[in-house]
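Per-entry structural report
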Amino acid sequence: MKKNKAAGFSTRAIHVGQEPDLSTGAVAPPIFATSTYVQEEIGKHKGYEYARVSNPTRDRLEQNLASLEGGVAAKVFSSGMAAINAIATMLKEGDHVVCGNNLYGGTPRLFNQVWADFGLQFSYVDTSDPRNVVRALNRNTRMVFVETPTNPLMALTDIRAVSAVCRKKKVDLVVDNTFMSPYFQQPIALGADMVVHSTTKFLNGHSDGLGGVVVCTSAEQAEKLAFLQKAAGAILSPFECWLILRGVKTLAVRMQKHDESGRAVARFLAGHKKVRRVFYPGLLDHPQHELAKQQMSGFGAMISFETGSLANANRLLRKVRVCSLGESLGGVETLISHPATMTHAALGEKGRREIGITDGLVRISVGIEDVEDILEDLDQALAAM
Ligand SMILES: Cc1ncc(COP(=O)(O)O)c(C=O)c1O
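Definitions and limits used
- Residues numbered from 1 in each chain as written.
- Predicted model: local features only at pLDDT ≥ 70, side-chain atom pairs only at ≥ 80, totals over all residues.
- Heavy atoms only, no water.
- Buried < 20%, exposed > 50% of the residue type's maximum accessible area, 1.4 Å probe, protein only.
- Helix = DSSP H or I, 4+ residues; strand = E, 2+ residues; numbered from the N terminus.
- Arc of directions from axis to C-beta.
- Contact = heavy atoms within 4.5 Å.
- Polar contact = N/O pair within 3.5 Å; in protein donor to acceptor, adjacent residues only side chain to side chain.
- Near = heavy atom within 4 Å.
- Areas by Shrake-Rupley, 256 points an atom, 1.4 Å probe, with all protein chains shown as cover.
- Pairing = 2+ DSSP bridges.
- Right-handed = clockwise from strand over helix to strand, strands pointing away.

1. Description of helix H6 (residues 159-169)
Turning to H6, its buried residues number three or more, namely Ile-159, Val-162, Ser-163, Val-165 and Cys-166. Mapping the buried residues of H6 onto a view down its axis gives an arc of 155°, with all of them on the same face. Facing away from the buried side of H6, by more than 90 degrees, are the exposed residues Arg-160 and Lys-168. The secondary structure elements touched by the buried residues of H6 are helix H5 (130-136), strand E4 (141-147), strand E5 (172-176) and helix H11 (289-295). Measuring from the side-chain oxygen of the N-cap residue of H6 to the backbone nitrogen of Arg-160 gives 3.3 Å; that N-cap residue is Asp-158. Immediately downstream of H6, the backbone of Lys-170 shows phi near 55°, a positive value.

Structural data, given as structure tokens:
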């Protein structure tokens, strides 16, 4: 069996880092629930000394995720935010970061309310036009940080074009690939220097654990991040690593179903008279539909739509039954949320207005239930609006 990079995506998801346990033959990777490791004599051990530094279950997950994203290494953290925080920690006072202006709300909250106090500088621009990135770069810029598609407005950044700009200026491009997962989008192949995920979402896929990962393209990045795991300690527990190892085995089939149902729900919403606008890169009227077809191999499960007002959104969200009202995304169950009061509350009204997040906007993460049930549920809930 091919277990290296040449093997297909699902084969790597199921086999890389997922090899049977050597001592027992157990097919499922063991959960090494240990804080420390016995040593034979001073300085003589089996490569493991203390679990904050390394753990065999964590090693397995890191190998697996590095393979799926096409990186040289991956380092996992206790949440997506801890992973993004680790990336910020790689910078120095006075460094400048150009960010997309429509990131997950927690990211600008971390940057502006924590890291700005330690001398990092941030500019937020609409990265759907690479010229805005060029204009925002300055002498101190060390990093460009984007999410594509964005949360919740589903705007795309042309990863190849922005990476070309970054390369010229020796600036690192970091892509948050949470929405697409490596199954539908491979930012490293398009030129990104690092990829970050909230593994809480599609990678785990079952809404039962938090986690984050940074996938690296150089040994230097991996070394810095391994040092941060040891020095700062925001590592992922062996059990959570195991949950993700289990989740990724079905990533491909889940993503195929998410995508198929996502397209059906987007078409249904686009044709519904009470829905004013649908944001989904798979729709022909999405302004970057062509880029979506080139850059992604599917359109995914994430859809936002405009109900017209807070009152309408509320009426709809009170009525849903199959869709669960809640934050988060990427689980097997359909989750529906209200960005203005949930994921993007931290931006404040002005911040939301500037990037176009209205009080009537609703976001849906289409799950893998029977799609007829999701459509019927949305239909009855929209009728109440
Ligand atoms: C795109 C994106 N990045 C990062 C995060 C943060 O991840 P976590 O909640 O695992 O800390 C989220 C959370 O919703 C997200 O949607």
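The discussion continues.
2. Comments concerning the site of the ligand
The environment of the ligand is formed by 14 residues, the closest being Gly-80, Asp-176, Ser-198, Thr-200 and Lys-201. In this structure, Asp-176 approaches the ligand through a side-chain N or O atom, which is 2.7 Å from a nitrogen atom. In this structure, an oxygen atom belonging to the ligand sits 2.7 Å away from a side-chain N or O atom of Thr-200. Notes on the ligand: free accessible area 390 Å², of which the protein chains cover 91%.

3. Topic: the pairing of strand E3 (residues 121-125)
Alignment of strand E2 (residues 96-100) against E3, held across five bridges, turns out to be parallel. Bridge assignment links Val-98 to a residue of E3, and that residue is Ser-123.

4. Details of the pairing of E4
Taken across its seven residues, E4 has six buried, putting it largely inside the fold. Sheet topology places E4 next to E5; five bridges connect them, and they run parallel. Across the sheet, Phe-145 pairs through a bridge with Val-174, a residue of E5. Handedness of the crossover joining E4 and E5 through H6: right-handed.

Remember that the coordinates give geometry; whether it matters functionally is a separate question.
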